[in-house]
Amino acid sequence: MTRPTDDLITVRDYLRYAASRFSAAELYFGHGTDNVWDEAVLLVMRSLHLPLENNTLFLDARLTRDERELIAERIERRINERRPVAYLLGEAWFMGLPFQVDERVLIPRSPIAELLEAGLQPWLADHPVERILDLCTGSGCIGIAAATVFPDAEVDLADISEDALAVARSNIELHELENRVRTVHSDVLDQVDGVYDVILSNPPYVDAEDMADIPPEYHHEPRLGLEAGPDGLSIVHRILARAADHLAPGGLLIVELGNSWVALDEAYPQLPFLWLDFENGGDGVFLLTREQLVSGLKNMKGNLNTNL
Ligand SMILES: C[S@@+](CC[C@H](N)C(=O)[O-])C[C@H]1O[C@@H](n2cnc3c(N)ncnc32)[C@H](O)[C@@H]1O
């Protein structure tokens, strides 16, 4: 029986073969790429430790036997196991930065990257940023990216999963940020100390209906990183209840809620959520200042007391 590795020789051959196989397999793309071609480029080029862009120089280069077998095996696993490419490679990219990932953490993809790229402007204005919290940090991608944008800030990465924090620590080392980025083992804000100028969070927010229906690729990600009760709000309720205690005056709370944003907006009519727009895709991310949070929650409490 002929094997693909007998016939395919060059980088271009493997790109074409991966694209054809992925196309026929009707894979789901939601972990860093959104189409067959980009998925093929990601798998083939990064298996060869080559750049994703400006790589035409290599297209007609021949692969060694080991390289051909490695790529062929990864193509099969992507199709048969529906395993996302990032887990096959052990790496993902966030805000243009590399991160080590494995099945202990969600694959980085939050649109919060776009806000960080803009230095959180215009919302931050000239508010100083000395301390940042990345709550529900997973791989640490959001907090570590924030540390590169705010080079004088101290950054805490908090998560309830010790497994996730081990991955986050390896990413702190990868980016040589041990002097100002640290991990905190915490159930939401319960073990977090002090106040921050910015709290960024991509918590679990998938509701029960979506959980029952997610494509097989997501089953490789930790459930703890995805599911958040019947309406997707179980963690964000706890964040909203405690965040003001951990925000400096004028501080910002930025949280991603994906599809569950509608349920949150309905649950807190007194909170003036600013739902942010993204040029690179994504939605369901809100921003609140500490003052908006405090006065909104006070108004809600007032209404509840009046109705009693
Ligand atoms: C959606 S993932 C986000 C990971 C990362 N911030 C990102 O954007 O890729 C949510 C993370 O929240 C963590 N988590 C779940 N429940 C938590 C809790 N009660 N307290 C703190 N972290 C929690 C999970 O372990 C997971 O790493």
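Note that the structure is predicted; figures quoted are calculated from it, not measured. (Residues numbered from 1 in each chain as written. Predicted model: local features only at pLDDT ≥ 70, side-chain atom pairs only at ≥ 80, totals over all residues.)

Peer 1: What exactly am I supposed to notice about the packing of helix α3 (residues 36-47) against helix α4 (residues 65-80) here?
Peer 2: Geometry of a packed helix pair, given as the angle between the helix axes and the separation of the axes. Direction vectors running N to C along α3 and α4 enclose 145°, while the axes themselves pass 10 Å from each other. Every pair of crossing elements has a handedness; the one defined by α3 and α4 is right-handed. Across the interface between the two elements, L43, V44 and S47 from α3 touch L70, I71, R74, I75 and R78 from α4. Residues that form the contact of α3 with α4 fall into these classes: five nonpolar, one polar and two charged. (Axes fitted to C-alpha atoms, helices over the stretch in contact; angles between N-to-C directions. Helix = DSSP H or I, 4+ residues; strand = E, 2+ residues; numbered from the N terminus. Left-handed = near helix turned anticlockwise from the far one by under 90°. Contact = placed C-beta atoms within 7 Å. Nonpolar A, V, L, I, M, F, W, Y, C, P; charged D, E, K, R; others polar.)

Peer 1: Any chance you could explain the site of the ligand here in plain terms?
Peer 2: In the vicinity of the ligand, 23 residues are found, and the nearest of them are C136, G138, I160, N202 and G225. Here the residues of the shell around the ligand are counted per class, giving 13 nonpolar, eight polar and two charged. (Near = placed C-beta within 6 Å.)

Peer 1: I tried to follow α3 on my own but got confused; where do I start?
Peer 2: Since the α-helix turns once every 3.6 residues, residues separated by three or four places project in the same direction. In this model, α3 (12 residues) spans 16 Å end to end at C-alpha, consistent with the 16 Å of a helix rising 1.5 Å per residue. By the burial criterion, the buried members of α3 are E39, A40, L42, L43, V44, R46 and S47. Tucked into the core, α3 has its buried residues touching α2 (11-25), α4, α5 (85-89) and β1 (91-94). (Expected span 1.5 Å × (residues − 1). Buried ≥ 20, exposed ≤ 12 C-beta atoms within 10 Å, placed from the backbone.)

Peer 1: Explain the environment of E76 here, please?
Peer 2: On the secondary structure map, E76 appears in helix α4. For the pair E76 and F22, spaced 54 residues apart in sequence, the C-alpha to C-alpha distance is 9.6 Å.

Peer 1: I keep staring at the nonpolar core and nothing clicks. Help me out?
Peer 2: Here is a general trend for soluble globular proteins: nonpolar side chains tend to be buried in one another's company. With 78 residues, the main nonpolar core has I132, A145, A146, I199 and L253 as its most contacted residues. In terms of residue count, helix α7 (residues 141-149) provides more of this core than any other element does, six residues in total. Both domains that furnish three or more residues to this core are identified here as domain 1 (4-89) and domain 2 (104-307). Residue contacts for L253: discarding those within four places in its chain leaves I199, A243, L247, L288 and L293. (Core = buried A, V, L, I, M, F, W, Y, C linked by C-beta atoms within 7 Å. Domains from an automatic or database assignment.)

Peer 1: How should I be thinking about the domain arrangement of the protein chain in this particular structure?
Peer 2: Size of an interface, as often reported, equals the accessible area lost when the parts are brought together. Each domain of the protein chain was delimited in the assignment, giving domain 1 (4-89) and domain 2 (104-307). The distance between the C-alpha centroids of domain 1 and domain 2 comes to 33 Å. If you look at the interface, domain 1 gives nine residues, while domain 2 gives six residues. Its residues placed into classes, the side of domain 1 that touches domain 2 shows four nonpolar, three polar and two charged.

Peer 1: Help me understand helix α10 (residues 234-242), please; the structure alone is not making it clear to me.
Peer 2: Three or more residues of α10 are buried, namely I235, V236 and L240. The arc that holds the buried residues of α10, viewed along the axis, is 135°, so those residues lie on one side. (Arc of directions from axis to C-beta.)

Peer 1: What is the right way to read the sheet that holds strand β7 (residues 247-256) from this model?
Peer 2: Adjacent strands of a sheet form backbone hydrogen bonds with each other and so pair up, either parallel or antiparallel. Ordered by their spatial adjacency, seven strands build an open sheet running β5-β4-β3-β6-β7-β9-β8, and the pairing between neighbours is mixed. Of all the strands in the sheet, the pair left with one neighbour each is β5 (181-185) and β8 (274-275). Packed onto the sheet, α7 meets β3 (131-135), β4 (154-159), β5 and β6 (196-201) and runs at close to 160° relative to β3. This element, helix α8 (residues 162-174), spans β4 and β5 of the sheet and lies at about 175° to β5. (Pairing = 2+ DSSP bridges.)

Peer 1: Any chance you could explain the pairing of β3 here in plain terms?
Peer 2: A regular strand places its side chains on the two faces of the sheet in alternate fashion. The element β3 is extensively covered by neighbouring structure, given that five of its five residues are classed as buried. Burial along β3 is two-sided: R131, L133 and L135 facing one way and I132 and D134 facing the other are all buried. Pairing of β3 with β4 involves five bridges; the strand directions are parallel. In the sheet register, D134 faces β4, and the bridge partner there is L157. For the segment spanning β3, α7 and β4, crossover handedness is right-handed. As defined by bridge partners, β3 adjoins β6 across four bridges and the pair is classed as parallel. (Right-handed = clockwise from strand over helix to strand, strands pointing away.)

Peer 1: Any chance you could explain the packing of α2 against α3 here in plain terms?
Peer 2: Contact geometry for α2 and α3: axes closest at 8 Å, N-to-C directions at 135°. It follows that α2 is oblique to α3 by the angle criterion. Two packed elements cross with a definite hand, and for α2 against α3 that hand is right-handed. Between α2 and α3, the residues in contact are V11, Y14, L15, A18, A19, F22 and S23 and V36, W37, E39, A40, V41, L43 and V44, respectively. Among the residues forming the contact of α2 with α3, the class breakdown is 12 nonpolar, one polar and one charged. (Parallel < 35°, antiparallel > 145°, perpendicular 65-115°, else oblique.)

Peer 1: Which parts of the structure should I look at to understand unusual backbone geometry?
Peer 2: It is generally the case that most residues other than glycine have a negative phi and that most peptide bonds are trans. The omega torsion across Q121 and P122 is 10°, close enough to zero to call that bond cis. With respect to the secondary-structure elements, P122 resides in the loop between α6 (112-117) and β3. A positive phi is found at N54, a non-glycine position, where the angle reads about 50°. For A125, which is not glycine, the phi torsion reads 50° and is therefore positive. Tracing the sequence through the fold places A125 in the loop between α6 and β3. Here A125 falls in the exposed class, since 8 other C-beta atoms lie within 10 Å of it.

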